[in-house]
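# Fold and geometry: a report
Chain residues, written in single-letter form:
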Amino acid sequence: MPPTDASTDAGTAPETGPGADPCPGPGTDSEDTLELRLPEELMALLGGAPEPAGPGGPEGPTGSAGPTGPSGRTDSSGSTGAAGGSAATGSAGATGAGAGVAGATGVAAAVGSAGPVGSVGSAGPVGGDLLDGVAEWGPTETPVGAFQLVPVRVERDLPLVTRWMNDPAVAAFWELAGAESVTEEHLRRQTDGDGRSVPCLGLLEGTPMSYWEIYRADLDQLARHYPARPHDTGVHLLIGGVAHRGHGLGSALLRAVADLVLDRRPACARVVAEPDLRNIPSVSAFLSGGFRFSAEVELPGKRAALMVRDRALRDLL
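A quick note: this is a predicted structure, and the numbers were derived from the prediction, not measured.

## Topic: the overall build of the chain
A count of helices and strands for the chain gives nine helices and 10 strands. Evaluated residue by residue, the chain yields a buried proportion of 59% over its 317 residues. Accessible area of the chain: about 11,000 Å², with a carbon and sulfur share of 56%.

## Focus: the packing of helix α8 (residues 249-264) against helix α9 (residues 280-288)
Relative placement of two packed helices is described by the angle separating their axes and the distance separating the axes. Look at α8 against α9: their axes get within 8 Å of each other, and the N-to-C directions meet at 50°. In terms of orientation, α8 lies oblique with respect to α9. The two elements α8 and α9 meet at a crossing, and its hand is right-handed. Each of Ser-251, Leu-254 and Arg-255 in α8 lies in contact with α9, whose residues at this interface are Ala-285, Phe-286 and Ser-288. Across the contact of α8 with α9, the residue classes break down as three nonpolar, two polar and one charged.

## Looking at helix α5 (residues 154-165)
If you check α5, its first and last C-alpha atoms are just 14 Å apart, much less than what 12 residues at 1.5 Å a residue would give, namely 16 Å. Taken as a whole, α5 has its buried residues at Val-154, Asp-157, Leu-158, Leu-160, Val-161, Thr-162, Trp-164 and Met-165.

## Some words on unusual backbone geometry
With phi around 55°, Glu-175 is a residue other than glycine that occupies positive phi space. The class of Glu-175 is partly exposed, set by a relative accessible area of 45%. Of note in the backbone geometry, His-231 takes a positive phi value of approximately 75° without being a glycine. Following the sequence through the fold, His-231 ends up in the loop between β6 (207-216) and β7 (233-239).

## Regarding the sheet that holds strand β5 (residues 197-204)
Sheet architecture is open: eight strands sit in the order β3-β4-β5-β6-β7-β8-β10-β9, paired in mixed fashion. On the outer flanks of this sheet lie β3 (140-142) and β9 (292-299), each paired with one strand and no other. The mean angle between the axes of side-by-side strands here comes to 30°, regardless of whether they run parallel or antiparallel.

## A closer look at the packing of α5 against helix α7 (residues 180-191)
Between α5 and α7, the least distance of the axes is 9 Å, while the angle of their chain directions is 125°. As the angle between them shows, α5 and α7 are arranged oblique. In this structure, the crossing between α5 and α7 has a hand that is right-handed. Of the residues in α7, those in contact with Val-154, Glu-155, Leu-158, Pro-159, Val-161, Thr-162 and Met-165 of α5 are Glu-180, Thr-183, Glu-184, Leu-187, Arg-188 and Thr-191. Here the residues of the contact of α5 with α7 sort into six nonpolar, three polar and four charged.

## Some points on the packing of aromatic side chains
One pass over the structure, following the stated rule, counts three aromatic pairs. Here Trp-174 and Tyr-211 contribute two aromatic rings whose centre-to-centre distance is 5.6 Å and whose plane-to-plane angle is 65°, an arrangement assigned as edge-to-face. Taken as a pair, Trp-174 in helix α6 (residues 168-174) and Tyr-211 in strand β6 lie far apart in primary sequence, 37 residues in all. The two residues Trp-174 and Tyr-211 agree in class, both being buried.

## As for the confidence of the model for the chain
Per-chain confidence: the chain averages 73 in pLDDT, with 60% of residues scoring 70 or above. Between residues 4-38, whose pLDDT stays under 50, and residues either more than four places distant or in other chains, the model counts 121 contacts. Confidence drops under pLDDT 50 across residues 45-105; counting only partners more than four residues distant or on other chains, this segment forms 316 contacts.

## Quick look at α9
What α9 keeps buried is the set Ser-282, Val-283, Ser-284, Ala-285 and Phe-286. Just downstream of α9, Gly-290 is the residue with a positive phi angle, here 95°.

## Looking at the nonpolar core
In terms of nonpolar packing, the biggest core is built from 33 residues, with Phe-147, Leu-149, Trp-212, Val-235, Val-257, Phe-291 and Met-307 touching the most fellow members. Listed by contribution, the elements that provide at least two residues to this core are β4 (145-151), β5, β6, β7, α8, β8 (270-273), α9 and β10 (302-310). At eight residues, α8 tops the list of elements feeding residues into this core. Not counting the four nearest positions on each side in its chain, Trp-212 is found in contact with Phe-147, Leu-149, Val-198, Pro-199, Cys-200, Leu-201, Gly-202, His-236, Leu-237, Leu-253, Leu-254 and Val-257. Counting residues in hydrophobic clusters, the runner-up holds 16 residues, among them Val-170, Leu-176, Leu-203 and Leu-238.

## Describing the pairing of β5
One face of the sheet, then the other: side chains in a regular strand alternate in exactly this way. Counting buried positions over the eight residues of β5 gives eight, a clear majority of the element. Residues Ser-197, Pro-199, Leu-201 and Leu-203 line one face of β5 and the alternating positions Val-198, Cys-200, Gly-202 and Leu-204 line the opposite face, and both faces are buried. Here β4 pairs with β5 via five bridges, running antiparallel. Note on β5: the bridge partner recorded for Pro-151 is Cys-200. In terms of strand pairing, β5 meets β6 through eight bridges, oriented antiparallel. When the bridges of β6 are listed, Val-198 appears paired with Ile-214. Taking the residues that link successive antiparallel strands as the turn, the β5-β6 hairpin has two residues, and the phi of Glu-205 there is positive, at about 55°.

The rules behind the values
Residue numbers here run from 1 along each chain, matching the order of that chain's written sequence. This being a predicted model, a pLDDT of at least 70 is required before a residue's local features are given, and a value of 80 or more before pairs of side-chain atoms are given or counted; all residues contribute to the totals for chains, interfaces and linings. To get the side-chain values, all heavy atoms of the structure are used, and hydrogens and water are removed first. Strands are runs of DSSP state E lasting at least 2 residues, helices are runs of H or I lasting at least 4, and numbering of each runs from the N terminus. Partly exposed describes any residue whose relative accessible area lies between the buried limit of under 20% and the exposed limit of over 50%, with all areas from a 1.4 Å probe on protein chains only and scaled to the type maximum. Here the open area of atoms and residues is found with the Shrake-Rupley method and a 1.4 Å probe, where only the protein chains shown may cover a residue. To obtain each axis, a line is fitted to C-alpha atoms, and for helices this fit is confined to the stretch in contact; angles are then taken between N-to-C directions over 0 to 180 degrees. Angles are sorted into four bins: roughly parallel if under 35 degrees, roughly antiparallel if over 145, roughly perpendicular if 65 to 115, and oblique for all others. By convention, the crossing between two helices is left-handed when the near helix turns anticlockwise from the far helix through less than a right angle, and right-handed when the turn is clockwise. Working rule for contacts: check all heavy atoms of both residues, and any pair within 4.5 Å makes them a contact. Put simply, Ala, Val, Leu, Ile, Met, Phe, Trp, Tyr, Cys and Pro go in the nonpolar bin, Asp, Glu, Lys and Arg in the charged bin, and everything else, Gly too, in the polar bin. Multiplying one less than the number of residues by 1.5 Å gives the expected span of a helix. Strands are labelled as partners when DSSP assigns at least two bridges between them. Here a pair means two rings of Phe, Tyr or Trp (six-membered ring of Trp) with centres within 6.5 Å. Their orientation is stacked below 30 degrees between planes, edge-to-face above 60, and tilted elsewhere. Note: pLDDT gives the predictor's confidence per residue, expressed from 0 to 100. Residue types Ala, Val, Leu, Ile, Met, Phe, Trp, Tyr and Cys, when buried and joined through side-chain atoms within 4.5 Å, form a set referred to as a nonpolar core.

Have a look at this one:
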């Protein structure tokens, strides 16, 4: 599972214990109980059902995105700790505002021209992935401007993402600092995988300013550490430019993207994240973005705060 920390706004990480996670009544979407009905994709991985049409074979039980670092995602790409979680929202920008602008023209132009940009390489059931076609989700209006997730195209976006990953604030949680080959390996494990994790650039008013990973949490190793339900969808985020940090952007975008997931994925009842408990700004950003603190979970590379945005509670939080 890639990172899930989103450092942006100041806040206090919630504590476990009485009152930390309200106990919803039976039958509500916010109740953290184990769903015994396994999704077809997971059954396919276990050999109990035919594989879904198209995806080029599973990448393994850990999903596709992140490293086992801070975020506890144990795929092999090494992005687990930071993305959705760490330098994520508020602390991540690698090369400052300039980094976010670099390459913006190319990405924006690509989005406006020939169809979806950078969709996952293998052919998935819908739009080339197991997430109902992230490339086709389109833009959404947010309090901070028009925002769109654009699937990464490695050949086009590698230099920009690499710069962001080498920012010390980002590297502390994502653990992907180094040559372009380090970031490239992490990205290709997702783009060349079966579509369960989609790396994206986040464009705000047409300018790339953040990196996201949208992934099937129920098919990720994270599912071994909490009562996952079919189609639970996870998010990892980092804000790329210094100029975009510390102004509440992380919280606003987390809310917008979580609601976009719920709008575009009817089968998904919950959006989840697992920021490092040490990353107080990230946990605070998720709370301000409409997520609730569900539990502390011990992941391979960190102790994380399990954050949940429920479809049933989206209008209340």
